[in-house]
Amino acid sequence: MNDTVTDFGLIDRVIAYRPEANVELIQRALRLSAEAHAGQRRASGVPYLKHPVEVAEILTQLRMDESTVVAALLHDTLEDTHFTREQIAAEFGEEIAWLVDGVTKIDKLRLVSREEAQAENFRKMLLSMARDIRVIIIKLADRLHNMRTLTPLSDEKRQRIATETQEIYAPIANRLGLGWIKVELEDLCLRYLKPELYFSLVKQVAAGKKVRDRYLDEVREIVEREIERVNIPAEVAGRSKHIYSIYQKMSDQNLELEQLYDLSGIRIITDTKMHCYALLGIIHSLWQPIPGKFKDYVALPKSNGYQSLHTTVVCERGNRVEFQIRTRDMHRVAEEGIAAHWKYKEGGPIDPSGDDAFRWLRQILEWQQQISDGKQFLDALKVDLFSDSVFPYTRNGELLEMPRGSTVLDFAFAIHTELGLGCVGASVDGKLVSPRHVLKSGQTVEILTSEDQRPVREWIGFLKTARARSAVKHWLKSEERRRTVDVGRKVLAREIRRQGHSPEQVLAGIDKALNALKVADEQALYSEVGYGKRSIGEVLAHLLPDSRVRPSFKERIMMRLGRRDGAVVITGEGVMVHLAGCCRPIPGDPIVGHVKRGRGLVVHVQDCAQLDQFDFDPELMVEVAWDEHPTCPTSVPVQVLTRDRTGILGKVSSAIADAKANISHAQIHTTEDRKASFNLILEVDHVRHLEKVIRAVEKLPDVLEMRRLRGN
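Everything in this summary refers to the structure shown in the same document.

So, how was this worked out
Residues numbered from 1 in each chain as written. Predicted model: local features only at pLDDT ≥ 70, side-chain atom pairs only at ≥ 80, totals over all residues. Heavy atoms only, no water. Helix = DSSP H or I, 4+ residues; strand = E, 2+ residues; numbered from the N terminus. Buried < 20%, exposed > 50% of the residue type's maximum accessible area, 1.4 Å probe, protein only. Contact = heavy atoms within 4.5 Å. Areas by Shrake-Rupley, 256 points an atom, 1.4 Å probe, with all protein chains shown as cover. Axes fitted to C-alpha atoms, helices over the stretch in contact; angles between N-to-C directions. Parallel < 35°, antiparallel > 145°, perpendicular 65-115°, else oblique. Left-handed = near helix turned anticlockwise from the far one by under 90°. Nonpolar A, V, L, I, M, F, W, Y, C, P; charged D, E, K, R; others polar. Expected span 1.5 Å × (residues − 1). Phe/Tyr/Trp six-rings, centres within 6.5 Å; stacked < 30°, edge-to-face > 60°. Lys NZ or Arg CZ within 6 Å of the ring centre and 35° of its normal. Core = buried A, V, L, I, M, F, W, Y, C linked by side-chain atoms within 4.5 Å. Patch = residues over 30% accessible without salt bridge, like charges linked within 9 Å, V, L, I, M, F, W, Y side chains within 5 Å. Salt bridge = Lys/Arg side-chain N within 4 Å of Asp/Glu carboxyl O. Pairing = 2+ DSSP bridges.

### Remarks on the overall build of the protein chain
- Secondary structure summary: the protein chain contains 29 helices and 22 strands in total.
- Expressed as a percentage of its 712 residues, the buried residues of the protein chain come to 50%.
- The long-range share in the protein chain, meaning contacts at least 24 apart out of those at least 6 apart in sequence, stands at 66%.
- Surface exposure of the protein chain reaches about 34900 Å², of which carbon and sulfur atoms provide 48%.

In structure tokens:
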């Protein structure tokens, strides 16, 4: 190895906050990284080694221990070079090898799409976080440097990376309280996703900066004189909103830049919590506070540990100024977040299992174990990351943080899965309410249960939290399997009797049929019959090989459809095939067929709530599959909920058209709280096409939600 590899000042930065750091370990990592990446260059043309060094430098700003810094220097060696995990472990120890492996992408699996690869990489990352949060801190530093150096890449790659950063990494940085990383990521995302808007805002903000700074200096001097008079130790400084927060506020409130009053503000940092409130009193004695603009994050911290007092007042000449008041420790947490919770005197892993700062992560890890589909997990993660919070209390006074819009049922599942499964309602501040009741901060909730209560599919439609939805889906799936096993056994016994034989005697020899049909066990065979995945005639052919089995009603229908064995291919509606109006299946939905007298074959989505209301007869269930190449679009009803803004319908229509879908019918309603609801009938080719349309519409700033509607 080259012993003269430059460290770009990295070691000096580590020693500045950690004098006892193992410098030799960092130097060895630099040399190995230089050897591993020798000859490699970034898209900009600079030597590749500059990237891991810059990532490590970002981590020194968070004052991370040398193991984390070393892992950052080596973080691309497993993915992009010939070095192996075993070599890293032998050279630097198991701890550093584990951190490097935790950051490395899953690229050796054969995954069917970029989306699946992305989903599985994030699942791996979160599981690694469960053991040591330093994995995600390294990954965030890696992503920040990649965002800083996006310019040389193609426009398509810039858009893809920026979108992923906006949807996942910036919200995770926010959740972990890494304030300055979150701010820079958001600004960089806006720069690459909406470059014209970004640079226009930068120019406009810069144009008025001198005037704003002079005004803030005037206000700051008044505050400093008053603080000096009462002899409270404090530092007073101006601060500016970052570009993305300005853009977000303009979009949320439908305002122009000149209409925003708080592009800048003042931050006061003091020594104690008591002095925070004393300083708040001074500000309110100097100027009139604006009602509704005071937030006490000291008494009620944010989920990421952020604490501060926020108030907006009418200052000199009628201008509004926002003040933030916090202690030095609160300020460090606001900037460094989760990294501020540990001292690195001894080094070692950051274990999230016992700290309140990781409540969100622990909740994510609980429900991710119940979601087997990677893309479904990633979608649920995105929803959870962007959710605002409410803070209801248990009857014992424990404060729970939950996404805004959470219901009594979500609250029950947050406490315990069994409590949620048996929930029939709650007492909220002494008033009886239903499981659907949406909770507000400060309410005290006592869950009411019944042994007779059973979850139903309709719950999924109003549940807000991923944990509750996954628990209900898991229970329904288990219950459905139990029921289909029971019904499959009964139907098979009934058919054996219909053929003139004793079920007990015939089923005593079921092992031969299991071997012939290549089914694992008796329960699995009954389940397949119950689901309609295996025809009774096929089973009886092995159970009664010497008998002439009479065709059933379903088999007669199947023969008329030109099928006796295997799945019926659905190309659309016809004389013998009907798409159920209760669930409106479209190509790509998981579906099941049900033979109905007088109608032929009726196709439902597999989780259709109406299936529970039918006389569930597996003898009449049919395995069905969509034609892989649909020839005409399918109509599907959707609802779009937006803020009531001028031109919003045109924006929604344009987004739908850009996604290559057509609107065949539209109804528009507005509400008193300045929201608009569009009920649309779209023509789409496939369920993936619909998902593409929904993603395109939900990216619009004033769109709150777009969802597919079921039923007529």
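### Some thoughts on the packing of helix α3 (residues 50-61) against helix α9 (residues 134-148)
- One can describe the packing of α3 onto α9 by two numbers: an axis separation of 9 Å at closest approach and a directional angle of 120 degrees. In terms of axis orientation, α3 runs oblique to α9. Relative to α9, α3 is oriented so that their crossing is right-handed. Of the residues in α9, those touching α3 at H51, E54, V55, I58 and L59 are I137, I138, A141, D142, L144, H145, N146 and R148.
- Residues belonging to the contact of α3 with α9 are distributed by class as follows: seven nonpolar, three polar and three charged.

### Digging into α3
- With twelve residues, α3 extends 17 Å from end C-alpha to end C-alpha; this agrees with the ideal 16 Å at 1.5 Å per step.
- Among the twelve residues in α3, nine count as buried, and that is most of the element.
- Among the residues making up α3, those that are buried are H51, P52, V53, V55, A56, E57, I58, L59 and T60.
- Along its buried surface, α3 packs onto α1 (10-17), α2 (23-36), α4 (66-73), α9 and α11 (179-193).
- At the exit of α3 stands R63, carrying a positive phi of roughly 60 degrees.

### Considerations on the packing of aromatic side chains
- This model, assessed by the stated rule, comprises four aromatic pairs.
- Their ring planes at 80 degrees and their centres at 5.1 Å tell us that Y198 and F199 sit as a pair that is edge-to-face.
- Exposure remark for F199: the relative accessible area of 45% places this residue in the partly exposed category.
- Its end group placed over the ring of Y48, R42 keeps NZ or CZ at 5.8 Å from the ring centre.

### A closer look at the nonpolar core
- Judged by nonpolar contacts, the single largest core of 62 residues is most densely connected at L74, F92 and M147.
- The leading source of residues in this core is α9, at eight residues.
- Sequence-distant contacts of L74, defined by excluding residues within four places in its chain, comprise A29, L32, S33, I88, F92, I96 and V100.
- If you look at the next biggest cluster of nonpolar residues, it comprises 24 residues, including L216, V219, I283 and I325.

### So, helix α29 (residues 687-698)
- With twelve residues, α29 should reach 16 Å at 1.5 Å per residue; the first-to-last C-alpha distance of 16 Å fits that figure.
- Looking at the buried positions of α29, the neighbouring elements they touch are β19 (634-643), α28 (648-658), β21 (675-684) and β22 (703-708).

### Topic: a nonpolar patch on the surface
- A contiguous nonpolar surface patch, about 260 Å² in accessible area, is contributed by V424, L432 and L448.
- For V424, a relative accessible area of 37% corresponds to the partly exposed category.

### With respect to the packing of helix α6 (residues 85-92) against helix α7 (residues 94-103)
- Contact geometry of α6 with α7 gives a least axis separation of 7 Å together with a crossing angle of 145 degrees. α6 and α7 meet at a crossing whose hand is right-handed. Facing R85, I88, A89 and F92 of α6, the residues of α7 in contact are E94, I96, A97, W98 and D101.
- Along the lines of polarity and charge, the residues of the contact of α6 with α7 split into six nonpolar, no polar and three charged.

### Looking at the sheet that holds strand β12 (residues 444-449)
- What the four strands build is an open sheet, ordered β8-β12-β10-β11; its pairing is mixed. A single partner strand is all that each edge strand has here, and the edge strands are β8 (393-394) and β11 (431-433).
- Pairing analysis gives three bridges linking strand β10 (residues 423-428) to β11, with the strands arranged antiparallel. Paired with V428 across the two strands is K431, which belongs to β11.
- On the sheet, helix α19 (residues 408-415) packs against β8, β10, β11 and β12 and is oriented at approximately 100 degrees with respect to β10.

### What about the pairing of strand β16 (residues 600-605)?
- When you tally the buried positions in β16, you get six out of six residues, the bulk of the element.
- Judged from the three bridges that link them, strand β14 (residues 577-579) and β16 form a sheet pairing that is parallel. Residue pairing in the sheet places L579 in a bridge with V603 of β16.
- Where strand β15 (residues 591-596) and β16 come together, six bridges link them in antiparallel fashion.

### Concerning the sheet that holds β14
- Strand order in the open sheet made by the four strands is β14-β16-β15-β17, with mixed pairing throughout. Two strands close off the open sheet at either side, each with one partner strand: β14 and β17 (621-622).

### Digging into unusual backbone geometry
- Of note in the backbone geometry, R317 takes a positive phi value of approximately 60 degrees without being a glycine.
- Mapped onto the fold, R317 is located in the loop between β5 (309-314) and β6 (320-327).
- On the basis of relative accessible area, R317 is assigned to the exposed category, the value being 61%.
- A positive phi angle is found at K518, which is not glycine, with a value near 55 degrees.

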